[in-house]
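Here is how the chains run, residue by residue.
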Amino acid sequence: MPLITDKERLDEALELLWVLNEDQHHDISHFKTNSDDADTESIVETLLHEGLASILGAEIRLTEKGLKSARGLIRRQRLAERLFTDVFEMPEDSVVNDACKMEHILSEELTESVCTFLGHPPNCPHGKPIPRGECCKKFKVEVTPVVMRLSEFEVSAAGKITFIVPSEASRISKLNSLGIAAGSTIKLIQKTPSYVVQIDETTVALDPEIAKEIYVRKVVS
Ligand SMILES: [Zn+2]
Ligand SMILES: [Zn+2]
């Protein structure tokens, strides 16, 4: 079998393996690239040859080296997805292809800036976890992000909602019906004993849990 020299294809294989492993699918039968069996075989062989994956019995897993590369790729891809949906307001289902190209373009430095700009989001728009970067560790102490959780706002601060990461999917439509959606301007009226926010002319009380799930770009006054 010839080894694969195309870096982009190898990257895609690493991403695929990451996603399969994330879903606890370690069996090699799950690993299928979008082309034929011979192609999949070449890719597997290349991954083994490069020390990026290892096979034990019927299971294929990323090695330490493979995990490191895949982690970076997945991080860039999912951040790019967030960037497209939250900032450019593109529909979620159309972002994957563009995001797939972006991950090969985003440099490590640019990735940190994008992550910081977005407020170190924990999930992609599809709810998959975004691997943490160095910037996320510094988040609390050094970096003042452009986007913050509503729960970190001071009283009377206002901003524009950039995204909502609900722990329950059903919450989104409930919040949307209250006018709490990406793009709305929100003002924090009080924090204790409960959160009260103003959206347009309406005031709404929120559980602290929910205030943590709303990410807002602060309006600098
Ligand atoms: Zn995604
Ligand atoms: Zn970060």
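Counting restarts for each chain, with residues numbered from 1 along the sequence as it is written. A letter from A marks each chain and a number from 1 marks each ligand, given out in the order of writing. Per-residue local features are limited, in this predicted model, to residues with pLDDT of at least 70; the limit for side-chain atom pairs, both in listing and counting, is 80 or more; totals at the level of whole chains, interfaces and linings are taken over all residues.

A. Quick peek at the overall build of the protein chain. Along its length, the protein chain carries eight helices and eight strands. Any residue with 12 or fewer other C-beta atoms within 10 Å of its own C-beta is exposed, any with 20 or more is buried, and the rest are partly exposed; the C-beta atoms used are placed from the backbone. A total of 221 residues make up the protein chain; the buried ones form 30% of that total. Contact criterion: two residues are in contact if their C-beta atoms, reconstructed from the backbone, are within 7 Å. Long-range pairs, those at least 24 residues apart, make up 59% of the contacts in the protein chain with a sequence separation of at least 6. Going along the chain from the N terminus, every DSSP run of H or I of four or more residues is numbered as a helix, and every run of E of two or more is numbered as a strand.

B. Structural context of the packing of helix 3 (residues 64–87) against helix 5 (residues 108–117). To get an axis, fit a line to the C-alpha atoms, keeping to the stretch in contact for a helix; angles then go from 0 to 180 degrees between the N-to-C directions. Where helix 3 meets helix 5, the closest approach of the two axes is 10 Å, and the angle between their N-to-C directions is 45 degrees. One element, helix 3, and the other, helix 5, form an angle in the oblique class. The two elements helix 3 and helix 5 meet at a crossing, and its hand is left-handed. Seen from helix 3, the contacting residues are Arg75, Arg76, Leu79 and Leu83; seen from helix 5, they are Thr111, Val114 and Cys115. Roughly parallel covers angles under 35 degrees, roughly antiparallel covers those over 145, roughly perpendicular covers 65 to 115, and oblique covers all other angles. Whether a crossing is left-handed or right-handed is set by the direction in which the near helix is turned from the far one by less than a right angle, anticlockwise for left-handed and clockwise for right-handed.

C. Inspection of the nonpolar core at higher detail. Leu79, Ile214 and Val216 are the most contacted members of the largest nonpolar core, which has 27 residues in total. Mapped onto this core, the elements with two or more residues apiece are helix 3, helix 5, strand 3 (147–149), strand 4 (158–164), strand 5 (185–190), strand 6 (195–199) and strand 8 (214–218). Sorting elements by how many residues they give to this core places helix 3 first, with four residues. Summarising the domain contributions, this core has at least three residues from each of domain 2 (76–138) and domain 3 (147–218). To define a nonpolar core, we join buried Ala, Val, Leu, Ile, Met, Phe, Trp, Tyr and Cys residues through C-beta atoms within 7 Å and take the resulting set. For the domain bounds, the source is a domain assignment made automatically or taken from a database.

D. Structural context of the packing of helix 1 (residues 7–22) against helix 3. Two elements in contact, helix 1 and helix 3, have axes separated by 9 Å at closest approach and are oriented at 90 degrees. One way to sum up the angle between helix 1 and helix 3 is to call them roughly perpendicular. Between helix 1, through Asp11, Leu14, Glu15, Leu17 and Trp18, and helix 3, the contact on the second element is made entirely by Gly66, Ser69, Ala70, Leu73, Ile74 and Gln77. Taken together, the residues that form the contact of helix 1 with helix 3 break down as six nonpolar, three polar and two charged. Note that Gly is not counted as nonpolar here; it falls among the polar residues with everything else outside the nonpolar set of Ala, Val, Leu, Ile, Met, Phe, Trp, Tyr, Cys and Pro and the charged set of Asp, Glu, Lys and Arg.

E. Focus on unusual backbone geometry. In this chain, Thr192 is followed by Pro193 through a cis amide linkage whose omega measures -5 degrees. At Gln24, a residue that is not glycine, the phi angle is positive and equals roughly 65 degrees. With respect to the helices and strands, Gln24 occurs in the loop between helix 1 and helix 2 (37–49). Positive phi is not limited to glycine here, since Ser156 has a value of about 80 degrees.

F. The environment of Ile199, seen in detail. Relative to the helices and strands, Ile199 is located in strand 6. For Ile199 and Ile186, which are 13 residues apart along the polypeptide, the C-alpha to C-alpha distance reads 5.1 Å. Setting aside residues no more than four positions away along its own chain, Ile199 makes contact with Leu178, Gly179, Ile180, Ser184, Ile186 and Val204.

G. View of the pairing of strand 5. Pairing between strands is defined by DSSP: at least two bridges between the two strands are required. Across three bridges, strand 4 lies against strand 5 in antiparallel orientation. For Ala158, the partnering residue across the bridge sits in strand 5 and is Lys187. Looking at chain direction, strand 5 and strand 6 are connected through four bridges and run antiparallel. Counted as the bridge partner of Leu188 is Val197 from strand 6.

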